[in-house]
Structure formats: C-alpha cells, structure tokens
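Chain by chain, the residues run as shown.
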Amino acid sequence: MKIARRVNEVPPYLFVEISRKIAEKRSQGIEVISFGIGDPDLATPANVIEELRLTSLDTPNHRYPESDGLPEFKYAVSNWYDKRFGVSLDPDSEVVSLIGAKEGIGHAAFCFIEPGDVALIPDPGYPVYSVGTLFAGGDSYMMPLSEDNAWLPNLDSIPEEIARKSTVMWLNYPNNPTSAVATLEYFEKVVAFAKKYNIAIMHDACYTEIAYDGYEPPSFLQAYGAKDVGIEFHSLSKTYNMTGWRLGMAVGNPEMINSLMVIKSNLDSGVPQAIQHMGIEAMNESKDILDHRIGIYQSRRDRVVSTLTDAGLKVSTPKASLYVWASVPDGYNSARFSEILLEDRNVLVSPGSGYGKNGEGYIRLSLTIPEEQLEEGLRRMSDWKIPATS
Ligand SMILES: *Cc1c(COP(=O)(O)O)cnc(C)c1O
C-alpha cells in the first residue's frame, strides 16, 4: 500500500526513543531512573475524580458532546481567565474546548497554513508546532532560541521576506524545554510584529500555573492588542495533573477560534462531557491547593539544580515550568552526554538536541518524577565523575 509522504517525513517522536532505551535496560534487569518525560506523577485531585464519577452517571453525558465545548465549561474558562489574568473572554465566541492542548495545536495548523506559507517556529521547541506545519503543507522557519537572547525569538533578526510569507508564529512561555519566561513587554513587541506582517500568533501557555518563588507568568492575552492577532492554548494537564484525561482550551481572537471550531467539528466531536465537568471542578480549586503542588515541584527543582551544579554542569534555576535545562560539559554534545549518563549511572535525561538544532549542548530534566526515584536518581548523579572526553 501507499503511505502518504507526510507520515514518513515525521521525525521520530523523541519519547518513543526514550521508552525504547528504558525497555532495553529493563530487559537486562537494570532499573533506569528517568528524568525524561514531562507527565505529572501526582494523582488528579480527588474532588476532580469524584466529579467524573458523579457526572458519568448522567445520561446526557453519554451522548456526543457539543463539539465546541459545554457552555458551562466555556463559562468556567472565561471566569478563570478573568480571575487569573484579568482577561475578559466571551465564552460563546472566544473559547473552545480541546482534547488536550496538543490536539488544538495540531489542528490549528490547518486553519492558518497553506502550501507555500511559512510558519515561524521556536527552536528548540515542542515538536507539534513543526509537525502540524508539515501536515498542513507549510514551510517551517526556525527562530533560534539561545541563552544570549534569553530564549526569546529575536524578532528583528527574522528576514523581511520570511516575515512577509509567514502566516503564523508559535510561542510558548513558560517554555518547554528551556523553562524560559517572557514579559508582557516582550508579548507587546510580538503584537506589533504580528500587526506589521499580518501574522496570527499562537501562544502555548500550558505552564503559566507552574511557577516558583511567587512568580506569576503572564498570559499573552494580557498584552495590549493581543486579541486582535492571536489565540492562546491552555491545558488542564500540567496544572491539575490531568494529562490522562485530555482536556484543554484555546481562547482569544474570535475569528481564529471560529476557524479552529470549523476544522475540529469536521474531524472530532469534542471532549467527553463528563471530562469537561472535571475541568470545571478543577478550575474552581483554591490557590493554596495549587500552591501545595508547586511546593513539591519547587523542592524537587532545588535538589535537581544543586546536584547538577555540584556535578559541574551549568544550570540556571527555573522560575517556571516543570523542567531544568542544563548545559553539558565542554567536549560533549547533548546526545553523547545523555548516552554516557545512561551507560554509567542508569539515569535518563532528554538530550536538548531532540527539541531542535539549537537545543544542542543542553539536556532537559523533568521534575515530574516520584520522590523515591528522584532521590535515587540524584544519588546516582551526585558521586558521578563525568568521564573526560577523548
Ligand atoms: C504538555 C505540553 C502540551 C500538551 O498538553 P495537553 O493538554 O496534554 O495536550 C502542549 N504544549 C507544551 C509545550 C507541553 O509541554
């Protein structure tokens, strides 16, 4: 049979390779400690599960959901955005529920990208931005992120002819994998750039609630004029330990939200309603319960940063996100360093180069690892003499 080219053109999903390595070690009887995958280890809050149990009994929730989302869910999202960011959203026209942010990000490419169009994509970055672009037949222009530009795309260095051909720009702050954050002033420069070149901005805001030391990351939609040019993707996954339930939302510019709804309503039938009820319950959570979870991540963050620093790696303490981004010692590249760490210590980290060319020279460690394994992983690394490269 003929397999469409786009299928074979997809680069292997990084985590598939990681899972394969773990399985290989396990078959040799070796337990690998994995800092590889960003998937909260803690349980979904009990009240949220209880809401699923109750609402799953209601017959209307057994039927097809309304594909743009339950009105109550969209209302809860709009309330949450108002309370958290002071951003007002019309629940009917400016909010759509998603089967996780990933689904929305992938489908959004079909709304704004045609063959010949260019998508501006951060490198390193979450792989779905460029894969979505590939599926939609567009060309990716990678915007290099580096320590020198604080991991924020330098808008002035995007060539004029590329900017003119671009229809979308992807951004993601707090950032995966670099854990960088953006200011409102930066977002305002993005709005001006978008208006100048008529570019749709798609901001992936999955990590705005995972922040430390009292820092509160902004929403792109707080930037003046943002709703004229963009939408924001958000997710219940990371904030409420709900990756397995698949629930997110896109919010912002009504014309863009409507386009996403057109694509989605023709390809999926929305989020199961009982799961949207879980989301409503989750978004009603009080700040101290979230703060308790943040405290757990913050303690992990501090221990990981200190162990890596002691081992001689250069690390900056993340203000937000679930990741520690560290540069590998001189003489190593990301893949080689990760390989040696796995061979010598049976500890798995993600090579930064897996997130794009500009991730080379870095590794990513995820903080979503159960306490005992975290301690064991840190122990394995703490007395490790990093071999000199020959
Ligand atoms: C985890 C993650 C997502 C996906 O979130 P879901 O709502 O679970 O699909 C999207 N973007 C980034 C950057 C992520 O790290």
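Shown above is the structure to which this text applies.
This one's a predicted model, so the numbers in the text were calculated from it and none came from an experiment.

> What's the story with the overall build of the protein in this structure? I'm lost.
Within the protein one finds 14 helices and 13 strands. Taken against the 2.2 N^0.38 rule, which gives 21 Å for 390 residues, the C-alpha radius of gyration of the protein at 21 Å falls within 12% of a compact globule. Counting only C-alpha atoms, the protein reaches 60 × 55 × 55 Å along its principal axes. Counting over 390 residues, the protein shows a buried share of 55%. Of the contacts made within the protein by residues no fewer than 6 positions apart, 76% connect residues no fewer than 24 positions apart.

> It is not clear to me how the sheet that holds strand S13 (residues 362-366) should be interpreted in this structure. Could you clarify?
Reading across the sheet, the four strands line up as S9-S10-S13-S12 and stay open at both edges, with antiparallel pairing between neighbours. Looking at the sheet topology across the chains shown, the edges are occupied by strand S9 (314-315) and strand S12 (350-351). Against the sheet, helix H12 (residues 287-310) touches S9, strand S10 (323-327) and S13, its axis set at about 10° to S10.

> Can you help me understand the site of the ligand in this one?
The environment of the ligand is formed by 15 residues, the closest being Asp-204, Tyr-207, Ser-235, Ser-237 and Lys-238. The separation between an oxygen atom of the ligand and a polar main-chain atom of Lys-102 is 2.9 Å. Burial of the ligand by the surrounding chains reaches 94%, relative to a free accessible area of 390 Å². Its residues placed into classes, the shell around the ligand shows six nonpolar, five polar and four charged.

> I tried to follow the packing of helix H5 (residues 101-112) against helix H6 (residues 128-135) on my own but got confused; where do I start?
To characterise two packed helices, one gives the angle between the axes of the helices and the distance between these axes. Packing of H5 against H6 brings their axes to within 8 Å, and their N-to-C directions diverge by 35°. H6 is crossed by H5, and the crossing has right-handed handedness. For the pair H5 and H6, contact is made by Lys-102, Ile-105, Gly-106, Ala-109 and Phe-110 and by Val-128, Tyr-129, Gly-132, Thr-133 and Phe-135, respectively.

Cut-offs and rules
Residues numbered from 1 in each chain as written. Predicted model: local features only at pLDDT ≥ 70, side-chain atom pairs only at ≥ 80, totals over all residues. Heavy atoms only, no water. Helix = DSSP H or I, 4+ residues; strand = E, 2+ residues; numbered from the N terminus. Rg over C-alpha atoms; globule rule 2.2 N^0.38 Å. Buried < 20%, exposed > 50% of the residue type's maximum accessible area, 1.4 Å probe, protein only. Contact = heavy atoms within 4.5 Å. Pairing = 2+ DSSP bridges. Axes fitted to C-alpha atoms, helices over the stretch in contact; angles between N-to-C directions. Near = heavy atom within 4 Å. Polar contact = N/O pair within 3.5 Å; in protein donor to acceptor, adjacent residues only side chain to side chain. Areas by Shrake-Rupley, 256 points an atom, 1.4 Å probe, with all protein chains shown as cover. Nonpolar A, V, L, I, M, F, W, Y, C, P; charged D, E, K, R; others polar. Left-handed = near helix turned anticlockwise from the far one by under 90°.

Note that all results are geometric; they support no functional claim without further evidence.
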